[in-house]
Amino acid sequence: MIYEPHALVWILMPETIQGLWKQRLRWAMGGAQVLLKNLDVCIRPRQRRLWLLMAEVFLTLIWAYAVLILVVFWMINFTLWGAAIHHYDLPLLPESSGLVLGITCMIQFAVSLWLDSQYDRGLGRNYYWLIWYPFVFWIIIVLTTIIAFPKVLMRSAGQRARWVSPDRGI
């Protein structure tokens, strides 16, 4: 969150997909840099308070590459044998548990739109598109994590990170 006193505006996140992509890529690269720089924390008992943080970054990396491997195996299987012989659903599409999550998400969105309707008129017209936000956000997180780790590995040891402020829509 950034507070700009001259505009009296709280900015939570970028307003464009490109801005969100740049922000998530920057954060994923930061997480990868933290993981690689502090791997020795895991063998120091005095640093045990940081173990959960390191585990979260490491599990996020494993999760992203597991999704990539799953999609690649699905593509290979679909390409070699085709949909005519076997019916394989894309592993990213929700099934019964995903349906429950989607319905829960839609209920939460409906309540938030109802609460905000007194301040912003016409929010209900965007209700259909709201369910796609978590899906797109998760895909962006997976892709930026997959891209960020090799970028950090290929970066020179002494090279400093350069940050360019993303488009905030203002």
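All values reported here derive from a predicted model rather than from experimental measurement.

Colleague: Let's hear about the packing of helix α1 (residues 17–37) against helix α5 (residues 132–154): which residues, and what values?
Modeller: Where α1 contacts α5, the axes come no closer than 8 Å and their chain directions differ by 50°. Taken together, α1 and α5 sit at an angle that is classed as oblique. Crossing of α1 against α5: the hand is right-handed.

Colleague: Can you break down α5 residue by residue, with the values?
Modeller: Between the first and last C-alpha of α5 there are 33 Å, a value that for 23 residues agrees with the 33 Å anticipated at 1.5 Å per step. Here α5 has its buried residues at Pro134, Phe137, Ile140, Ile141, Val142, Thr144, Thr145, Ile146, Ala148, Phe149 and Val152.

Colleague: Residue-level account of α1, with values.
Modeller: With 21 residues, α1 ought to run about 30 Å at 1.5 Å a step, and its terminal C-alpha atoms sit 30 Å apart, in line with that. All of the buried residues along α1 are Gly19, Leu20, Gln23, Arg24, Leu25, Ala28, Met29, Gly31, Ala32 and Leu35.

Colleague: Quick rundown of the packing of aromatic side chains? Include the residues and the values.
Modeller: In total, this model carries one aromatic pair according to the counting rule given. Ring geometry for tryptophan 132 and phenylalanine 135: centres 6.3 Å apart, planes at 75°, overall edge-to-face. Taken together, the residues span about one helical turn, with tryptophan 132 and phenylalanine 135 both in helix α5 at a distance of three residues. Look at phenylalanine 135 and you get partly exposed, because its relative accessible area is 30%.

Colleague: Give me the environment of leucine 35: which residues, what numbers.
Modeller: Examined against the element boundaries, leucine 35 turns out to sit in helix α1. What makes leucine 35 buried here is its relative accessible area of 5%. Leucine 35 sits 19 residues away from methionine 54 along the chain, and the two C-alpha atoms are 6.4 Å apart. For leucine 35, the residues in contact, after removing those within four places along its chain, are Met54, Val57, Phe58, Leu61 and Phe149.

Colleague: Can you lay out the confidence of the model for the protein chain for me, pointing to particular residues and giving the numbers?
Modeller: Across the protein chain, the average pLDDT comes to 78, with 76% of residues at or above 70. For the protein chain, strand β1 (residues 2–4) is the element with the lowest average pLDDT, namely 47, and α5 is the one with the highest, namely 89. Note on residues 1–9: pLDDT under 50 across the span, and 13 contacts to partners over four residues away in sequence or across chains.

Colleague: Hey, could you go over the pattern of salt bridges for me, with residue numbers and the actual values?
Modeller: Taken as a whole and judged by the stated rule, the model has one salt bridge. One salt bridge connects arginine 44 with aspartate 40, and the closest N-O pair in it is separated by 2.5 Å.

Colleague: Which residues make up the nonpolar core, and what are the values?
Modeller: Core analysis: the biggest nonpolar cluster contains twelve residues, these being Leu25, Ala28, Met29, Ala32, Leu35, Val41, Met54, Val57, Leu61, Ala148, Phe149 and Val152. Secondary-structure elements contributing two or more residues to this core are α1, α2 (51–85) and α5. Residues within four places of valine 152 in sequence aside, it is in contact with Met29, Ala32, Gln33 and Leu36. The next biggest cluster of nonpolar side chains, apart from the first, holds five residues, and it includes Ala64, Val67, Val71 and Val142.

Colleague: I'd like to hear about a nonpolar patch on the surface, residue by residue, with values.
Modeller: A contiguous nonpolar surface patch, about 660 Å² in accessible area, is contributed by Ile17, Tyr128, Trp129, Trp132, Phe135 and Val136. Elements with a contribution of two residues or more to the nonpolar patch: α4 (127–130) and α5. Ranked by residue count, the leading element in the nonpolar patch is α5, at three residues.

Cut-offs used in this document
- Residues numbered from 1 in each chain as written.
- Predicted model: local features only at pLDDT ≥ 70, side-chain atom pairs only at ≥ 80, totals over all residues.
- Heavy atoms only, no water.
- Axes fitted to C-alpha atoms, helices over the stretch in contact; angles between N-to-C directions.
- Helix = DSSP H or I, 4+ residues; strand = E, 2+ residues; numbered from the N terminus.
- Parallel < 35°, antiparallel > 145°, perpendicular 65-115°, else oblique.
- Left-handed = near helix turned anticlockwise from the far one by under 90°.
- Expected span 1.5 Å × (residues − 1).
- Buried < 20%, exposed > 50% of the residue type's maximum accessible area, 1.4 Å probe, protein only.
- Phe/Tyr/Trp six-rings, centres within 6.5 Å; stacked < 30°, edge-to-face > 60°.
- Contact = heavy atoms within 4.5 Å.
- pLDDT = per-residue confidence, 0-100.
- Salt bridge = Lys/Arg side-chain N within 4 Å of Asp/Glu carboxyl O.
- Core = buried A, V, L, I, M, F, W, Y, C linked by side-chain atoms within 4.5 Å.
- Patch = residues over 30% accessible without salt bridge, like charges linked within 9 Å, V, L, I, M, F, W, Y side chains within 5 Å.
- Areas by Shrake-Rupley, 256 points an atom, 1.4 Å probe, with all protein chains shown as cover.

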